[in-house]
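Chain by chain, the residues run as shown.
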Amino acid sequence: MSSHEPQTAAAEPLPALPLPEGITSDYIDCTASCGLNFHVLTAGSRDNPLVLFCHGYPELAYSWRKVLPHIAAAGYYCVAMDQRGYGRTTGWPRTSYEETDLSAYVPTNLVRDLVCLVHGLGYTTVRAIIGHDFGAVAAAASALIRPDIFRATVQLSHPHRRPPTPNDKPKIDIQAALARLDPPRKHYQWDNASPSAAAEWAAPPQGLEAFLRGYFHLKSADWAGNTAARPLARWDAEALATLPEYYVMRRSSTMAQTVARLMAGEDAARSERWLSPADLAVYAGEWARTGFQGALNWYRGATARDGAARDMLLFVGRRIEVPCAFVSGAQDWGNYQVPGALEGYADPAVVKEGCFWGVRLVEGAGHWVQQEQPEAVVRELLAFLGSLGLEPRISGYLI
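Worth saying up front: this structure is predicted, and the values here are computed from it rather than measured.

Caption draft 1: Geometry of the environment of F38. As for its position among the elements, F38 is in strand 2 (residues 36-43). Since its relative accessible area comes to 1%, F38 is described here as buried. Sequence-distant contacts of F38, that is, excluding residues within four places in its chain, are made with D26, Y27, I28, C30, M81, D82, T89, D113 and L117.

Spelled out as structure tokens, the structure:
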């Protein structure tokens, strides 16, 4: 699509989402500020402290459906949003790959979106911002940039990294290095940022539902290849090539082809325990309706030479100075795909002394921890929230 017109609400009503009891679907109009009309899922009373939940790729606010009611029951107003480029949130320009303004997908603008949402909800502060995958990037950046608004943060499945400095040594061209391997490889983030990615995600040979089922399955604890998840020694082609092929792909393969190859002989029904066919149909229906380019622009912003790294130079020397924690699946390679990132939480240049409240790795979960093991995630989040010293409900969160 090459129209410069902003995405607007569908002419026909969208189908109702199959939401658990206690969750409401709503819209928060922030078009006058950040340009977005946010689709949100909410739980709890607006009189309670606000907790925000940010999703990753290829997910939606719907990914928090198993968590929101339980956190809300402890006395919080819980809001999960479809982020810029995703789901039922509208207002982001649906331009072609070549015409997209990537400044909309760098951290400062993504944090601006969230600040506008907070005010659109009628709040000025957030008790905690919790993010998974790319949502963890947004959550950490929000706490880093505006700690006066975002008073605490939890990252799930994607560790925070300090902002770059102008004197950092240039990173190796990892795509070129991976291409020199035998057989040649490529990194999935750069592949997702490529001009062909959106079409490849939208029209996989195996069909969209089968492709998404495979992608979710392969990155979960249900795939045996994730039991070996471990730290990488360094950021170079040889070390990265030890990652599963859904992270470091064969250079000649699309993601759909990669998933089809890895799913050969797999029992896809095993992941129906935590992602039912009805839930999978929600994702497939939303992606079929919106396409993937808006969401994939997050990868473009992250990998572009003048993207996120340059944007975050504005915050050189800044560290997280609010309570934070990291929760993830024990069988998630995402914890380790950037060597040293997880260990960096202990560095006072990354997080202020006394503000990092620990790592919690959940057994029986891969990358989709809040969907695979929601009860464990709820326990960890309630323990964190309750130990902030602001109306504690659960004590004993180890610091």
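Caption draft 2: Representation of the packing of helix 7 (residues 208-218) against helix 9 (residues 255-263) within the structure. Contact pair helix 7 / helix 9: the axes reach a minimum separation of 9 Å and the direction vectors enclose 65°. As summarised for this structure, helix 7 and helix 9 are arranged roughly perpendicular, according to the angle between their axes. With respect to the hand of their crossing, helix 7 and helix 9 are arranged in left-handed fashion. Across the interface between the two elements, F211, G214, Y215, H217 and L218 from helix 7 touch M255, A256, V259, L262 and M263 from helix 9. Its residues assigned to classes, the contact of helix 7 with helix 9 shows 8 nonpolar, 2 polar and no charged.

Caption draft 3: Representation of the sheet that holds strand 9 (residues 324-329) in the model. Sheet architecture is open: 8 strands sit in the order 1-2-4-3-5-6-9-10, paired in mixed fashion. Since the sheet does not close on itself, it has two edges, and those belong to strand 1 (24-30) and strand 10 (356-362), each with one partner. Recorded for the sheet is a direction-independent mean angle of 20° between the axes of neighbouring strands. Sheet analysis places strand 5 (residues 128-132) next to strand 6 (residues 153-156), joined by 4 bridges and oriented parallel. The residue bridging G131 from the neighbouring strand is Q155, located in strand 6. Along the sheet, helix 3 (residues 134-145) contacts strand 3 (50-54), strand 5 and strand 6; its crossing angle with strand 5, the most-contacted strand, is approximately 150°. Against the sheet, helix 14 (residues 374-386) engages strand 3, strand 5, strand 6, strand 9 and strand 10, with an angle of about 160° to strand 6.

Caption draft 4: Expanded view of the nonpolar core. Grouped together as the largest cluster of nonpolar side chains are 132 residues, with contacts concentrated most on L52, F53, Y57, I71 and W201. Not counting the four nearest positions on each side in its chain, F53 is found in contact with W64, V67, L68, I71, C78, V79, A80, M81, I130 and L381.

Caption draft 5: Helix 2 (residues 107-120), seen in detail. If you check helix 2, its first and last C-alpha atoms are 20 Å apart, about what 14 residues at 1.5 Å a residue would give, namely 20 Å. Every buried residue belonging to helix 2 is among P107, N109, L110, V111, D113, L114, V115, C116, L117 and V118, and all of these are buried. Note on helix 2: the residue one or two positions beyond its end, G122, has a positive phi of about 90°.

Caption draft 6: Molecular detail of helix 7. Counted residue by residue, helix 7 has 9 buried out of 11 residues, so it is predominantly covered. Buried within helix 7 we find L208, F211, L212, R213, G214, Y215, F216, H217 and L218. Next to the buried residues of helix 7 lie helix 6 (197-202), helix 9 and helix 10 (277-290).

Caption draft 7: Region of interest: the pairing of strand 3. Taken across its 5 residues, strand 3 has 5 buried, putting it largely inside the fold. Of the two faces of strand 3, both are covered, the one formed by L50, L52 and C54 as well as the one formed by V51 and F53. Sheet topology note: the strand 3/strand 4 (residues 77-81) ladder contains 5 bridges and is parallel. Note that in strand 4 the partner of L50 across the bridge is Y77. Running through helix 1 (residues 68-73), the crossover from strand 3 to the neighbouring parallel element strand 4 is right-handed.

Caption draft 8: Quick look at the pattern of salt bridges. Applying the stated criterion across every chain, the model contains 13 salt bridges. Its salt-bridge partner being E321, residue R319 comes within 3.0 Å of it at the nearest N-O pair. With a relative accessible area of 22%, R319 lands in the partly exposed category. A relative accessible area of 42% places E321 in the partly exposed class. Note that R360 and E380 form a salt bridge whose closest N and O atoms lie 3.4 Å from each other. Of this pair, R360 sits in strand 10 while E380 sits in helix 14, and the two are 20 residues apart along the sequence. Each member of the pair, R360 as well as E380, is classed as buried.

Caption draft 9: Structural context of empty space enclosed by the protein. Here the structure, examined in full by the defined rule, presents 2 cavities of 30 Å³ or more. Considering only enclosed or pocket space, the largest cavity measures out at about 60 Å³ in volume. In terms of lining, the largest cavity is formed by H158, P159, R161, G334, N335, Y336, Q337, V338 and A341. In terms of residue class, the lining of the largest cavity is built from 4 nonpolar, 4 polar and 1 charged. Volume-wise, the second largest cavity comes out at about 40 Å³. As for the second largest cavity, its lining consists of L17, H39, L41, L60, A61, Y62, D82 and E286.

Parameters at a glance
- Residues numbered from 1 in each chain as written.
- Predicted model: local features only at pLDDT ≥ 70, side-chain atom pairs only at ≥ 80, totals over all residues.
- Heavy atoms only, no water.
- Helix = DSSP H or I, 4+ residues; strand = E, 2+ residues; numbered from the N terminus.
- Buried < 20%, exposed > 50% of the residue type's maximum accessible area, 1.4 Å probe, protein only.
- Contact = heavy atoms within 4.5 Å.
- Axes fitted to C-alpha atoms, helices over the stretch in contact; angles between N-to-C directions.
- Parallel < 35°, antiparallel > 145°, perpendicular 65-115°, else oblique.
- Left-handed = near helix turned anticlockwise from the far one by under 90°.
- Nonpolar A, V, L, I, M, F, W, Y, C, P; charged D, E, K, R; others polar.
- Pairing = 2+ DSSP bridges.
- Core = buried A, V, L, I, M, F, W, Y, C linked by side-chain atoms within 4.5 Å.
- Expected span 1.5 Å × (residues − 1).
- Right-handed = clockwise from strand over helix to strand, strands pointing away.
- Salt bridge = Lys/Arg side-chain N within 4 Å of Asp/Glu carboxyl O.
- 1 Å grid on protein atoms, 1.4 Å probe; cavity = no way out; pocket = protein on both sides within 12 Å on 5 of 7 lines; lining within 4 Å.
- Points joined across faces, edges and corners; volume = space filled by probe spheres on them.

Structural measurements only, silent on function.
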